[in-house]
Each structure stands twice: as structure tokens, then as C-alpha cells.
Amino acid sequence: MCDLHGSDALDFLRQVKTSTALHRSELSTRFELFVSGDGLTQWVFTQPSEEAYPAMTCRRLSKDWQGHWIAKRKLRCEAGRLTCDRLAAEFERLDEQLRRSLTDGKIGHSFEFPHLRA
């Protein structure tokens, strides 16, 4: 997942925390967020207080040959099926918001993730 391999969400979290290519970003009551130096790769881990714990997602942004932004997300959720489905739907909504913002030109190369601050 995003060039890392792990046995479970906590193994991924250990790797991300020790990676020199990623830095911790906003810490919220719900998520722990890590971003690559170029801002194009984002790792999000649920906090232990979240119903969908442990869960993690990695989203990578890139441009296609025409210069259009593409967002690809992988999600791993080790909670119950319904809880994981709700978390996946939440991230799908956030990805759609990002796609609209990228299409409208509202976000430049420096990506911010205010939706994860809750």
C-alpha cells in the first residue's frame, strides 16, 4: 500500500512514523495524519477512540498525461464490516470534494486537508 507492506494497520503506523519521507501533520481527535514532503501522498490512521479502529488509508495524488489530477486511495479497516463501510463512504465523499476542488482549480500543488481536523 503506497510502497509500504505491513501485516496490519498498527504495523503500517509504525513504519509511517519512522519514515523519513513522511511527516506528521494535523492531529485530530479522530485521525492521525502523515504527509509526504511533496504533499502528494497522505496516510491517515484512526485514533483508538474511533469506532473504525484500527483502520488506515493511503491516498496518492498524481497527474495523468494531460495534466489532470488523479487521486488513488487504498483503505484497510480491521473493525466490523458496517463500521468499515461507513468509514470508506466518508473517505469517498472527501475524495469527491477534493476532485471537485482540483477540477475547479481551487487547490494548487500545496494540498491541505482541513476535512480531517474534526
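Here the structure is a predicted model, which is why all the values come from computation and not from measurement. (Residues numbered from 1 in each chain as written. Predicted model: local features only at pLDDT ≥ 70, side-chain atom pairs only at ≥ 80, totals over all residues. Heavy atoms only, no water.)

**What to know about the packing of aromatic side chains**
Scanning all chains against the criterion turns up four aromatic pairs. On the basis of an interplanar angle of 85 degrees and a centroid distance of 6.0 Å, the ring pair of Phe34 and Phe45 is categorised as edge-to-face. Here Phe34 is found in strand S2 (residues 31-36), whereas its partner Phe45 is found in strand S3 (residues 41-46), with eleven residues between them in sequence. Members of the aromatic cluster, each reached through a chain of ring pairs, are Phe12, Phe34, Trp43 and Phe45. (Phe/Tyr/Trp six-rings, centres within 6.5 Å; stacked < 30°, edge-to-face > 60°. Helix = DSSP H or I, 4+ residues; strand = E, 2+ residues; numbered from the N terminus.)

**Things to note about the nonpolar core**
The biggest cluster of nonpolar side chains holds eleven residues, and these are Cys2, Ala9, Phe12, Leu13, Val16, Leu22, Phe34, Trp43, Phe45, Met56 and Cys58. For this core, the secondary structure elements donating two or more residues are helix H1 (9-18), S3 and strand S4 (55-63). In this structure, Cys2 is in contact with Thr41, Trp43, Cys58, Arg59 and Arg60, ignoring residues within four places of it in sequence. With nine residues, the next largest nonpolar core counts Phe31, Ala52, Ala55 and Leu94 among its residues. (Core = buried A, V, L, I, M, F, W, Y, C linked by side-chain atoms within 4.5 Å. Buried < 20%, exposed > 50% of the residue type's maximum accessible area, 1.4 Å probe, protein only. Contact = heavy atoms within 4.5 Å.)

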